[in-house]
Amino acid sequence: MGLTLYSASAEFRAGYFGFDGLLDRVAELGIGPGIEIVASQMVPTYPVVGDEFVRTWRAAFDRHGFVESSFGANLDMGRRRDRDMTPDEEFAFSTLMFEGAKKLGFPLVRIQSAKPELLRRLLPIAERLELKLAYEIHAPMGPNAEPILRVRETYAELDSPLLGFVADFSSTMHAMSPTLLRAVRRAGLDDEAVQRLQDIWATDATMQARQQEFIAYLRGRDFDPGRLGAFAHLAFNMHGHVDPREWADIMPQILHVHAKFYDIDDAGREPAIDYPELVRVFVESGYRGFWSSEWEGHAFAELGEVDPLLLVRRQHDLIRSAMRTVPVG
Amino acid sequence: MPNGLIHDDSLRAHPDGLALRLTIPWYRSLWLSSVTTLALTVDGEEMDAADLRVEFGDTSYRLDELPEQSERLWFLQEHPLLVARRDHPVALGETHDVVLHGELRLPYMQIAPGQDGGPGMYVPNVVHDVKTLTVVGADAEIPALVSDVTPPPPRRRTTRSSWG
């Protein structure tokens, strides 16, 4: 079990704690041992992992007995405004990320690009640095979405044990999160619009088609979609409703789990994500990696609405109790 | 709206006119070159881009200098000042209507690659903050955090990943 420090994005950004203080807070709440970071959030000298950061990291890990689970890399190909990164620049940037992961003791890097030629060049680097590479599958896609099938084909071609996936549970939700629905109500949607949003979301049309249908509905009711800001897009982009059982199609390649969540209700359940079912699928299919809690309510909630690290602690209780209910053998 | 550029404690006095303490409107650090638009209106008056600059500590950037700054990181915890030159500097305690419109170009979310060595298309993030702000002299206080949780269960070594 563990978490991604991404769960505390808003609090970290607002200066509630420094990096050291954040790790202290995680330990204080009994969360762990797995620690995952998004490097572009936490490393002040990104993309380089500097010696000072490594010192802070090692001292905190020694103090708290944490275990490094996943290093979230990005590929900032659009860093320049006049042109994209060249393939050589992409390779160099990715190598830098991998070296940073190694310095911090991570066994796994979360990657977001699976371009065949780039991966082919990076595999020897990953092998030398003893890293596995996990491409993240998250909303709105699932394991059998077209773009993911292409990644699976690339993987089959490259045929390397170093390549796998991060399964993010935002792909496999059964409802829209109360946190998101509260946010769109605050932005002005009434009961009818909130119901219509959920009805459209639940259909099987493409993300773009569903988004356009909802925008057309709002205009039809004389509601300026601009009032929703980014929510009009994020509602469809960040919550997927693929069947949890589809994860079983690629389970041998799932190296890491983002235990995504937005709410924990009074009964200790995640109202929009079927954790008992997901845990059953993963346990029965033999998953042995980390469960890295990822609270993403900060996309919709106001700072201070909840304490995400307290929620992570409650979510760990939910995951553990779901594990206990999976039939043995 | 969460993830905005400005907050209740953002408006500050400045000898040149006024300053706004900015928060990066995203969940990760970005390059200054990722900031494609910053447009400020104060009390209904649109400010000229030439009268705006972004200050990180000792270093100042005009808005038209931002596109080149692809090596300068806006770290997630950094709060630069958007300094606006105006004839009448604001004073502590005054209230002003502020509209700050910002747009980002997310460098790791490519929609389409560039053609013929040109720049590609990237997912934007648009922020439109409309706030009535009072000029303050310091950051808002950080709230106290509670820690009343039950002790966690003892760690079982067998739950540790068996990956090499």
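These figures come from a predicted structure and were not determined experimentally.

S.K.: So what about the environment of A:Ala73? Which residues, and what values?
M.R.: Residues and elements named next belong to chain A. Within the secondary structure, Ala-73 sits in the loop between strand 3 (67-72) and helix 5 (87-103). Judged by relative accessible area, Ala-73 falls into the buried class, the value being 6%. Considering only alpha carbons, one finds Ala-73 and Leu-123, 50 residues apart in sequence, at a separation of 15 Å.

S.K.: Give a description of the interface of chain B and chain A that names residues and reports values.
M.R.: At the junction of the two partners, chain B supplies 49 residues and chain A supplies 58 residues. Buried surface at the junction of chain B and chain A, summed over both partners, amounts to about 4500 Å²; 54% is from carbon and sulfur atoms. Linking chain B to chain A there are two salt bridges. Salt-bridge contacts for A:Asp76 lead to B:Arg28; the nearest nitrogen and oxygen are separated by 2.8 Å. Applying the counting criterion to the chain B and chain A interface returns 26 residue pairs in polar contact (both at pLDDT 80 or more). Counting only elements with at least two residues in the side of chain B that touches chain A, the list comes to strand 4 (35-42) and strand 10 (95-112) of chain B. Tallying contributions element by element places strand 10 of chain B first for the side of chain B that touches chain A, with four residues. For the side of chain B that touches chain A, the class distribution of residues is 25 nonpolar, 19 polar and five charged.

S.K.: Residues and numbers for the packing of aromatic side chains, please.
M.R.: Counting across every chain of the model gives 27 aromatic pairs over all chains. Ring centres of A:Phe169 and A:Tyr275 lie 5.6 Å apart, and the angle between their planes is 65°; on these two criteria the pair is classed as edge-to-face. Taken together, the positions of A:Phe169 in the loop between strand 6 (163-168) and helix 8 (178-186) and A:Tyr275 in helix 12 (residues 275-284) put the pair 106 residues apart, joining distant regions of the chain. Here A:Phe169 matches A:Tyr275 in class, with each residue buried. Taking 5.3 Å as the distance between ring centres and 35° as the angle between the ring planes, the aromatic pair formed by B:Trp26 and B:Tyr27 counts as tilted. For B:Tyr27, a relative accessible area of 19% corresponds to the buried category. Among the aromatic residues, those joined into a ring-pair cluster are A:Phe19, A:Phe53, A:Trp57, A:Phe61, A:Phe66, A:Phe71 and A:Phe106. Looking at A:Arg79, its charged tip hangs above the ring of B:Trp31, at a distance of 4.0 Å from the centre. Above the face of the A:Phe91 ring, A:Arg121 is positioned so that its terminal group lies 4.2 Å from the ring centre.

S.K.: Lay out the pattern of salt bridges with the relevant residues and their values.
M.R.: All names here are of chain A. Taken as a whole and assessed by the stated rule, the structure comprises 39 salt bridges over all chains. Arg-58 is paired through a salt bridge with Glu-68; the nearest N and O atoms lie 2.8 Å apart. Here Arg-58 is found in helix 4 (residues 51-64), whereas its partner Glu-68 is found in strand 3, with ten residues between them in sequence. Since its relative accessible area comes to 12%, Glu-68 is described here as buried.

S.K.: Any chance you could break down the environment of A:Asp190 for me, citing the residues and the numbers?
M.R.: Residues and elements named next belong to chain A. With respect to the helices, strands and loops of the structure, Asp-190 is situated in the loop between helix 8 and helix 9 (191-201). Among residues more than four places away in sequence, those in contact with Asp-190 are Arg-185 and Arg-221. A polar atom in the side chain of Asp-190 sits 2.6 Å from the side chain of Arg-221.

Reading guide: rules and limits
Residues numbered from 1 in each chain as written. Chains lettered and ligands numbered in written order. Predicted model: local features only at pLDDT ≥ 70, side-chain atom pairs only at ≥ 80, totals over all residues. Heavy atoms only, no water. Helix = DSSP H or I, 4+ residues; strand = E, 2+ residues; numbered from the N terminus. Buried < 20%, exposed > 50% of the residue type's maximum accessible area, 1.4 Å probe, protein only. Contact = heavy atoms within 4.5 Å. Buried area = accessible area lost by both parts, 1.4 Å probe. Salt bridge = Lys/Arg side-chain N within 4 Å of Asp/Glu carboxyl O. Polar contact = N/O pair within 3.5 Å; in protein donor to acceptor, adjacent residues only side chain to side chain. Nonpolar A, V, L, I, M, F, W, Y, C, P; charged D, E, K, R; others polar. Phe/Tyr/Trp six-rings, centres within 6.5 Å; stacked < 30°, edge-to-face > 60°. Lys NZ or Arg CZ within 6 Å of the ring centre and 35° of its normal.

Remember that the coordinates give geometry; whether it matters functionally is a separate question.
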